[in-house]
Amino acid sequence: MLDLPSPSVKDAPPPAEAVAPLMRGLDVLRRLTDADGTLALAELARGTGLARSTVDRICATLAHLGYLRLDGRDASLAPPLMAVANACLDALRVPGPLGPLADRLADELDESVSIAVPDGDDIRFVHQVLRRRALSISFRVGDLLPGEGSAPGIVFRRGASPSVDDQLVEPGLVAVAVPVRGPGGDVVCAVSVVSHTSRHSARGLPGVVRGALEACVRDMEGVLRDDAEVTGLRPGPRSSNAGGAESAPVQALARGLSVLTVFSGERPAMTLSQVAEAAGLSRASARRALITYEYLGYVRQDGRVHRLTPRVLGLGCAPLSRTTVPRIAGPHLAALSDTLGESVGLSVADGEWVRCTARVAPRRVMSVDIGVGTRLPAGATAAGEVLAGKVGEAVADGPEDGLWSVAVPLRGRDGSVVSALDVTAHRGRGERTAWAEALRATAAGIEADLRVTSRFVTVPRH
Ligand code: PHB
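Procedures and definitions
Residues numbered from 1 in each chain as written. Predicted model: local features only at pLDDT ≥ 70, side-chain atom pairs only at ≥ 80, totals over all residues. Heavy atoms only, no water. Buried < 20%, exposed > 50% of the residue type's maximum accessible area, 1.4 Å probe, protein only. Helix = DSSP H or I, 4+ residues; strand = E, 2+ residues; numbered from the N terminus. Pairing = 2+ DSSP bridges. Axes fitted to C-alpha atoms, helices over the stretch in contact; angles between N-to-C directions. Parallel < 35°, antiparallel > 145°, perpendicular 65-115°, else oblique. Left-handed = near helix turned anticlockwise from the far one by under 90°. Contact = heavy atoms within 4.5 Å. Near = heavy atom within 4 Å. Polar contact = N/O pair within 3.5 Å; in protein donor to acceptor, adjacent residues only side chain to side chain. Areas by Shrake-Rupley, 256 points an atom, 1.4 Å probe, with all protein chains shown as cover. Arc of directions from axis to C-beta. Domains from an automatic or database assignment. Buried area = accessible area lost by both parts, 1.4 Å probe. Salt bridge = Lys/Arg side-chain N within 4 Å of Asp/Glu carboxyl O. Core = buried A, V, L, I, M, F, W, Y, C linked by side-chain atoms within 4.5 Å. 1 Å grid on protein atoms, 1.4 Å probe; cavity = no way out; pocket = protein on both sides within 12 Å on 5 of 7 lines; lining within 4 Å. Points joined across faces, edges and corners; volume = space filled by probe spheres on them.

Examining the pairing of strand E4 (residues 112-119)
Point 1. Buried residues dominate E4, accounting for seven of its eight residues.
Point 2. Pairing of E4 with strand E9 (residues 187-196), which is carried by five bridges, proceeds in the antiparallel orientation. Bridge pairing in E9 places Ala-116 opposite Ala-190.
Point 3. Of the pairings in the sheet, the one linking E4 to strand E5 (residues 122-129) comprises seven bridges and is antiparallel in character. Within E5, the position partnered with Ala-116 by the bridge is Phe-125.
Point 4. Here E4 folds back onto E5 in antiparallel fashion, the turn holding two residues, of which Gly-120 has a positive phi close to 60 degrees.

Quick look at the packing of helix H13 (residues 325-340) against helix H15 (residues 432-453)
Point 1. Between H13 and H15, the least distance of the axes is 10 Å, while the angle of their chain directions is 155 degrees. Put simply, H13 runs roughly antiparallel to H15. Here the hand of the crossing between H13 and H15 comes out right-handed. Only Trp-435, Ala-438, Leu-439, Thr-442, Gly-445, Ile-446, Asp-449, Leu-450 and Thr-453 of H15 make contact with H13, whose side of the interface consists of Val-325, Ile-328, Ala-329, His-332, Leu-333, Leu-336 and Leu-340.

Things to note about the sheet that holds strand E13 (residues 343-350)
Note on sheets: strands pair through backbone hydrogen bonds, and any given pair is parallel or antiparallel.
Point 1. An order of E15-E14-E13-E18-E17-E16 is seen for the six strands of this open sheet, with the pairing classed as antiparallel. At either end of the open sheet lies a strand with only one pairing partner, and these are strand E15 (375-377) and strand E16 (394-397). Averaged over neighbouring strand pairs, the angle between their axes works out to 35 degrees when direction is ignored.
Point 2. Sitting on the sheet, H13 touches E13, strand E14 (353-360), strand E17 (403-411) and strand E18 (417-426), and the angle it makes with E13 is about 145 degrees.

Structural notes on the site of the ligand
Point 1. Around the ligand lies a shell of 13 residues, among which Ser-114, Gln-128, Phe-139, Ala-151 and Asp-165 are the nearest.
Point 2. Within the backbone of Ala-151, a nitrogen or oxygen atom sits 2.9 Å from an oxygen atom of the ligand.
Point 3. In the model, an oxygen atom of the ligand is placed 2.6 Å from a nitrogen or oxygen of the Asp-165 side chain.
Point 4. Against a free-state accessible area of 280 Å², the protein chains account for coverage of 97% of the ligand.

A word on helix H2 (residues 41-48)
Point 1. For H2, the full list of buried residues reads Leu-41, Leu-44, Ala-45 and Thr-48. Down the axis of H2, the smallest arc covering the buried residues is 100 degrees, so these residues share one side.
Point 2. Those residues of H2 that are buried lie in contact with helix H1 (20-34), strand E1 (38-40), helix H3 (52-64), strand E2 (68-71) and strand E3 (74-77).

Observations regarding the sheet that holds strand E6 (residues 144-145)
Point 1. Taken together, the six strands give an open sheet; going across it, the order is E6-E5-E4-E9-E8-E7, and neighbouring strands pair in antiparallel fashion. Each edge of the sheet is formed by a strand with only one pairing partner; in this case those strands are E6 and strand E7 (163-166).
Point 2. As paired strands, strand E8 (residues 173-181) and E9 are joined by nine bridges and run antiparallel to one another. Paired with Val-178 across the bridge in E9 is Val-191.

Considerations on the domain arrangement of the protein
Point 1. Each assigned domain of the protein is listed with its residue range as follows: domain 1 (7-83 + 234-321), domain 2 (94-230) and domain 3 (325-453).
Point 2. Taken residue by residue, the interface counts 11 residues in domain 1 and 12 residues in domain 2.
Point 3. Between domain 1 and domain 2, the buried area comes to about 840 Å², and carbon and sulfur atoms account for 54% of it.
Point 4. For Arg-311, the salt bridge identified is with Asp-119, shortest N-O distance 3.5 Å.
Point 5. Linking domain 1 with domain 2 are four residue pairs in polar contact (both at pLDDT 80 or more).

Comments concerning the environment of Ser-138
Point 1. In this structure, Ser-138 sits in the loop between E5 and E6.
Point 2. Relative accessible area serves as the criterion here: at 25%, Ser-138 is assigned to the partly exposed category.
Point 3. Along the sequence, Ser-138 and Ser-112 sit 26 residues apart, while their C-alpha atoms lie 9.1 Å from each other.
Point 4. Non-local contacts of Ser-138, meaning those with residues more than four positions away in its chain, are made with Leu-130 and Arg-322.

A word on unusual backbone geometry
Leave glycine aside and you will find that most residues have negative phi; peptide bonds, for their part, are mostly trans.
Point 1. Despite not being glycine, Arg-93 shows a phi value in the positive range, around 55 degrees.
Point 2. Inspection of the secondary structure assignment puts Arg-93 in the loop between helix H4 (82-92) and helix H5 (95-109).
Point 3. Look at Asp-110: it is not a glycine, yet its phi comes out positive at around 55 degrees.
Point 4. The residue Asp-110 is located in the loop between H5 and E4 in this model.
Point 5. A residue is classified by how much of its surface remains accessible, and Asp-110, at 33% relative accessible area, is partly exposed.

Here's the deal with the pairing of strand E12 (residues 305-308)
Point 1. Relative to E12, strand E10 (residues 270-271) is paired through two bridges, and the arrangement is antiparallel. Bridging from a neighbouring strand, Met-270 pairs with His-306 of E12.
Point 2. Looking at chain direction, strand E11 (residues 299-302) and E12 are connected through four bridges and run antiparallel. Paired with Arg-300 across the two strands is Arg-307, which belongs to E12.
Point 3. Between E11 and the antiparallel strand that follows it, E12, lie two residues; Gly-303 among them carries a positive phi value of about 65 degrees.

Quick look at the nonpolar core
Point 1. Leu-44, Leu-62, Leu-105, Met-220, Leu-257 and Tyr-293 are the most contacted members of the largest nonpolar core, which has 108 residues in total.
Point 2. Examining the composition of this core, we find that eight residues originate from one element, helix H7 (residues 205-230), more than from any other.
Point 3. Here Leu-105 is in contact with Val-113, Val-191, Val-193, Ala-212, Leu-213 and Cys-216, once residues within four sequence places are set aside.

What about the layout of surface pockets?
Space left empty within the atom packing is revealed by a probe, the size of a water molecule, rolled over the atoms.
Point 1. Reported here for the largest pocket is a volume of approximately 890 Å³.
Point 2. Taken together, 33 residues make up the lining of the largest pocket; nearest its centre are Gln-128, Val-457, Thr-458, Val-459 and Pro-460.
Point 3. At five residues, the largest contribution of residues to the lining of the largest pocket is made by H5.
Point 4. By volume, the second largest pocket amounts to about 670 Å³.
Point 5. Elements supplying a minimum of two residues to the lining of the second largest pocket: H4, E4, E9, H7 and E12.
Point 6. Formed jointly, the lining of the second largest pocket draws a minimum of three residues from each of two domains, domain 1 (7-83 + 234-321) and domain 2 (94-230).

Shown next, in the form of structure tokens:
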């Protein structure tokens with residue numbers, strides 16, 4: 001585990017209008033993020049200094065909003081919380097428009113490329129393209145690095161261009177960063193090319209990447225110029241998230257959190273009235289929430305408008321963004337296996353085969369035992385048919401005598417089939433229509449989590 005900086009904590013006491021339950025909820029989310037996504041409730045009570053009953057109520061509220069999963073004694077961040085990070089990434093207007101250009105640069109150089117923005121004295125990654133698997137560390141979207149000890153940090157602090165990280169962050173890691181300027185000449189973000197001393201020395205790297213990096217920055221600055229012309233405040237649709245929050249146990253927390261997700265690429269900066277209207281809150285509630293966020297550094301006021309800061313990415317983004325389809329599917333598979341009392345799993349196409357990427361089997365004397373990694377001939381399985389993309393639902397005998405399975409496709413954001421979801425059991429058990437229906441409902445739940453997670457990051461199939 002890397003020793004990454006924590007955002008500096010305010011010394012000044014909170015303003016009288018600050019919403020205490022919102023502050024506590026944010027503290028819980030931040031602690032879970034720093035712990036890489038999961039903590040025991042008792043540990044949260046110890047860390048926050050709050051009573052266990054208070055922690056339970058906060059976590060119940062966060063679970064009600066879909067932001068946490070409670071599993072016995074543990075609380076874990078859940079994919080729907082990525083909506084908060086997405087609002088921030090979208091409103092920053094950096095990873096969306098500039099990400100594809102960073103991807104192209106990584107292809108051209110066959111090196112990792114990242115985009116970072118300043119976050120107080122530190123830097124926060126908002127886009128990552130990983131190339132060399134041999135790199136011992138790789139940062140995630142949302143991760144924080146010290147400003148002084150990283151190439152992008154040196155760009156922001158000293159305006160040096162290019163800035164070089166000669167193994168400041170990690171032995172063997174070398175990076176070159178350059179600034180990308182907005183139409184007004186201000187530095188909007190830094191693009192880094194990240195390599196390893198086995199490929200390039202810190203002295204050699206800037207020269208090797210200069211041409212491609214300069215061309216990339218020119219293109220990025222062009223995009224930002226065009227983008228600035230279309231930026232403007234359009235009144236967006238009313239948010240619908242206020243309704244669900246009404247029955248939440250800690251209403252002030254639910255209401256306060258609803259403020260974060262009203263920001264977007266279309267509405268990166270909003271007045272108090274616009275925030276209140278979009279969140280479906282009274283002006284007084286919206287004002288107190290904004291005061292709380294400003295105090296904690298999650299929102300910045302700019303004249304009459306308010307904007308999210310990159311610190312919002314400290315609320316779950318990094319642990320939730322480095323994930324895989326099987327990990328996202330895990331809790332859904334467990335619930336389905338529980339409901340059906342059968343073995344359910346995920347698989348991907350692998351040439352003439354289908355390969356199992358996740359499996360949850362109920363504990364019973366006779367159960368189907370197909371481990372993760374097992375390959376079965378595609379032609380003989382329901383999953384194989386579904387992965388071939390021809391059918392929306394398939395039934396097949398096998399994979400072994402006496403077994404049968406029903407499978408449905410699992411689709412990604414772009415509608416393509418990313419995996420097959422199946423239930424496999426001994427023949428004579430189960431019923432096709434009922435199983436297909438249960439599989440489809442589970443697939444819809446996994447797909448919703450996958451959509452919110454993969455908006456700004458790539459989620460591998462296995
Ligand atoms: C990165 O992982 O993207 C990275 C690491 C260190 C730097 C710059 C970028 O100095």
